[in-house]
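A look at the structure
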Amino acid sequence: MSRLLQTPFLPSVSLPTKTRSSVTGFRVKPRIIPIQAKIREIFMPALSSTMTEGKIVSWVKSEGDKLNKGESVVVVESDKADMDVETFYDGYLAAIMVEEGGVAPVGSAIALLAETEDEIADAKAKASGGGGGDSQAPPTAAIEAPVAVDKRIAAPPVAVKAVAASAVHPASEGGKRIVASPYAKKLAKELKVELAGLVGSGPMGRIVAKDVEAVAAGGGVQAAVAVKEVVAAPGVELGSVVPFTTMQGAVSRNMVESLAVPTFRVGYTITTDALDALYKKIKSKGVTMTALLAKATALALAKHPVVNSSCRDGNSFVYNSSINVAVAVAIDGGLITPVLQNADKVDIYSLSRKWKELVDKARAKQLQPQEYNTGTFTLSNLGMFGVDRFDAILPPGTGAIMAVGASQPSVVATKDGRIGMKNQMQVNVTADHRVIYGADLAQFLQTLASIIEDPKDLTF
Amino acid sequence: MQSALSLSFSPTSLPLANRPLCSSNAAPSSTPRNLRFCGLRREAFGFSPSKQLTSCLFQIQSRRIEVSAAASSSAGNGAPSKSFDYDLIIIGAGVGGHGAALHAVEKGLKTAIIEGDVVGGTCVNRGCVPSKALLAVSGRMRELQNEHHMKAFGLQVSAAGYDRQGVADHASNLATKIRNNLTNSMKALGVDILTGFGAVLGPQKVKYGDNIITGKDIIIATGSVPFVPKGIEVDGKTVITSDHALKLESVPDWIAIVGSGYIGLEFSDVYTALGSEVTFIEALDQLMPGFDPEISKLAQRVLINPRKIDYHTGVFASKITPAKDGKPVMIELIDAKTKEPKDTLEVDAALIATGRAPFTNGLGLENINVVTQRGFIPVDERMRVIDGNGKLVPHLYCIGDANGKMMLAHAASAQGISVVEQVTGRDHVLNHLSIPAACFTHPEISMVGLTEPQAREKAEKEGFKVSIAKTSFKANTKALAENEGEGLAKMIYRPDNGEILGVHIFGLHAADLIHEASNAIALGTRIQDIKLAVHAHPTLSEVVDELFKAAKVDSPASVTAQSVKVAV
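Keep in mind that this is a model prediction, so the values were computed, not measured. (Residues numbered from 1 in each chain as written. Chains lettered and ligands numbered in written order. Predicted model: local features only at pLDDT ≥ 70, side-chain atom pairs only at ≥ 80, totals over all residues. Heavy atoms only, no water.)

**Some words on the interface of chain A and chain B**
Tallying the contact residues gives 25 residues for chain A and 32 residues for chain B. Note on chain A versus chain B: buried area summed over both sides is about 2,200 Å², and carbon and sulfur give 48% of it. For the chain A face of the interface with chain B, the top three residues by lost area are P182, K186 and R353 of chain A, together amounting to 26%. In this structure, the connection of chain A to chain B is made through 3 salt bridges. Across the salt bridge formed by R206 of chain A and D348 of chain B, the nearest N and O atoms sit 2.8 Å from each other. (Contact = heavy atoms within 4.5 Å. Buried area = accessible area lost by both parts, 1.4 Å probe. Salt bridge = Lys/Arg side-chain N within 4 Å of Asp/Glu carboxyl O.)

Here it is, written out as structure tokens:
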């Protein structure tokens, strides 16, 4: 549920992600438990480079058992193998916080280790006090928002319940039995999608992986944009007052906050014939237009560091050390802004692959915080809807955002008095005038135009 | 990919030693000397007028005369080999027959091999060989598609794709090449390749086509065919066996694989790499039942769980109907124990990999009073055929899948060589526990000897202790360099005397790594001796080296194996 917004604006509050939209079983969130010297946490270890969470296969020791340094305490199943996890300290296994069969993210506490027997009770109290799962009030204000978001997302009871079946698999006995491919079933379990009642798009109505992905993406967004749908969706009581959800509240605050930033806009028309030709040529290698635009923007930003700067306190500003281009992606009415990090340095093919990976992750709601909140410049492209120009509100904490319109054939008069047709698109940059001035943007846009009109540098 | 997991280990595993000639049944050896003649005769009779077409058959026509002469004297036991057409007749030119033929020629026997289909048998044409070609492709696809893996190398590969026909051609080309190699190797040595279905007419007498020939010793090596349980209708298009699958005529979106042994596992590797989704149907309660439990657990975690594979265990596919009239392939599942209907699957294709059935029909076994057991020809530990009364049939041997002892190509070949050793005067009993087996998934699985439960059972019975040593590929430099640290090697051994009971490897190139262990078992090498041997660094073989070094054996190294000090 990373950064789902229904506007093309970015909040400055960094919303930590939660990778799964609903919570069942023993999934445990990292908890902050005041650590006293004598009660230690046993963490979920990272058993492989790709491991993000681990499942407790079995507890070798039970609560109250004495542990010696180096002894196996628990067997953890990673994405790769079962591994025995050893304790680094002597002591007593005071409290098990994740039961057998439970899943915990890497680095989160799975048990408490008490140094003496007397402290077992203390530790247990802490475990039960600190535990309690997702509805637990967070200990610090800093993560208030994310927890609230979690609740919000968990609130719709069947966020991912599908539309009623219209095409029914012939062998599914009128929808009584579910016919889904092995991968679809695996994904459904992973993404917590209910298969019953899902309409399959595979052969003879079979549910295949993309059906599940579509529901997961749609369902997740559904939760975040529920209020927006109120306007159009039938079956919603028109004229009723709907209070903001936490997330909408956060968006609202951000938008108001953006008013404190003196912004201005500069537009430019760029001829894209050469870019279109290049795109056509390297499309087969997996290169996307988004990646090309991001790359061009990043190269232009490299020459105009001030446009890539940010001013947060009104007294100073930062020339950001890396050029991280955030790109707004609309997914079923919501908005996700994955970040292409170091877009000026990464080659176009890697960038395209990275982009694909980010979009896939975004759809699966598995973006990590650094993958959506490290943007230093934002791109928003509505060209695919035929929009020829628009302007964007500056996400607080960044220096500029560029709104990209559609590239359209236009009649152009040239200096030698001829009239010709060229593909042109309009871009419109919104920037923070405290640090970025008109001339800065103008020069940036001129550089950008020259890069796009002669795009050979994009594929270096 | 040739075997069902019916690894029936011979209970009496005799240590390999040169034993004195066993006089009871082995015929007195008379070393034939007409090896060269065999090759020459082809030309000598090449011009004979005959209605037969091939030069190969010309010989036979003319030899028939000899046969009638020989037949009268063949009743006398121990007749000189001159009175037979051949010293050794092998029925079936698969890998088993081929191995036996080559060794027979080396031992100076005049040898004929009868083949009713194509030379090479299952392994070369419809088994291990073409499947290795497909697996070579699937391994590469897997690697190229694994972005994480590629990135870890710093490699960038844009979308990998494949051409189905190209992949299929690679498999069939490989089979053709190996078949030609096999045929040529036999021809070059002067083995007579006779074409036709062979059958046993009586003691030392074989018929193929309309021809009858005699041989001092006969080896049946007719192999096996895919086993299809009743209720399953194979149409060769949507319901297929490994025979069809190896042609790779299609890559279905969703394929059910009935059976999770070697064959099923290897095909799941191929199909998932090419983009199919797979459903396993396994009659036993867990997948990969033939493997050491620890290995199958890890293999499931690596080869099944992360891939687009799901499974039903403890169920039989009681009825499978091919796709027709716009309906998908229908599979009815029943509970393996209660026989109650459990589920119905609708898939695009089904691969029947439920093992292999011996191909022994029409062999004329009734002529010599041999009764097959579920199609298998009963043999003793020397591969001598046992008749319906429990008596040995003189001069008749059966090797390979047809006897069902260990349905592996190289086991058949080893059995054939063992038989040739016996008929040339050197008693030999093959130690099946020293025969390695491998499954060529990515990564590979290999094993030799006993699994841990088998070893523990044996230890209980015979009153010795069993220890386990394990090493991980994660600790191996070469494996890490390849970014393939996933894997485990496990050795089951006797701590009292250092005997290796079994070794199981799951990891990169496991199939190539097993032989150090299988050779040690075959030669009776003990751990305390082999652990002193040196392995090149950095190589994967150090995984096995670590295994030997990790073992804790009470006995000291034997004197002979102590390092011999040589001035350099």
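We are not done yet, so read on.
**A closer look at unusual backbone geometry**
Excluding glycine, residues mostly have negative phi values, and the peptide bonds linking residues are mostly trans. All names here are of chain B. The linkage connecting H442 with the following residue, P443, adopts the cis geometry, with an omega of 0 degrees. Along the chain, P443 turns up in the loop between β19 (437-439) and β20 (444-449). Following H537, the chain continues into P538 via a peptide bond in cis, with omega recorded as -5 degrees. As for its placement among the helices and strands, P538 is situated in the loop between α16 (527-530) and α17 (541-550). Here M383, not a glycine, exhibits a phi torsion of approximately 70 degrees, which is positive. (Helix = DSSP H or I, 4+ residues; strand = E, 2+ residues; numbered from the N terminus.)

**What to know about the sheet that holds strand β3 (residues 66-67) of chain A**
The 4 strands lie next to each other as β1-β8-β6-β3 (chain A), forming an open sheet whose pairing is antiparallel. The two strands at the open ends of the sheet, each matched to only one other strand, are β1 (39-43) and β3 of chain A. (Pairing = 2+ DSSP bridges.)

**Examining a nonpolar patch on the surface**
All names here are of chain B. A cluster of nonpolar side chains, F197, V225 and F359, forms an exposed patch at the surface whose accessible area comes to about 280 Å². With respect to the helices, strands and loops of the structure, F197 is situated in the loop between β3 (192-195) and β4 (198-202). A relative accessible area of 57% places F197 in the exposed class. (Patch = residues over 30% accessible without salt bridge, like charges linked within 9 Å, V, L, I, M, F, W, Y side chains within 5 Å. Areas by Shrake-Rupley, 256 points an atom, 1.4 Å probe, with all protein chains shown as cover. Buried < 20%, exposed > 50% of the residue type's maximum accessible area, 1.4 Å probe, protein only.)

**A word on the nonpolar core**
Grouped together as the largest cluster of nonpolar side chains are 53 residues, with contacts concentrated most on V307, L379, M402, L441 and F444 of chain A. The element best represented in this core is helix α8 (residues 289-303) of chain A, accounting for 9 residues. Residue contacts for L441 of chain A: discarding those within four places in its chain leaves F264, V266, V307, V429, A431 and I436 of chain A. Grouped together as the second largest cluster of nonpolar side chains are 50 residues, A100, L182, A402 and V419 of chain B included. (Core = buried A, V, L, I, M, F, W, Y, C linked by side-chain atoms within 4.5 Å.)

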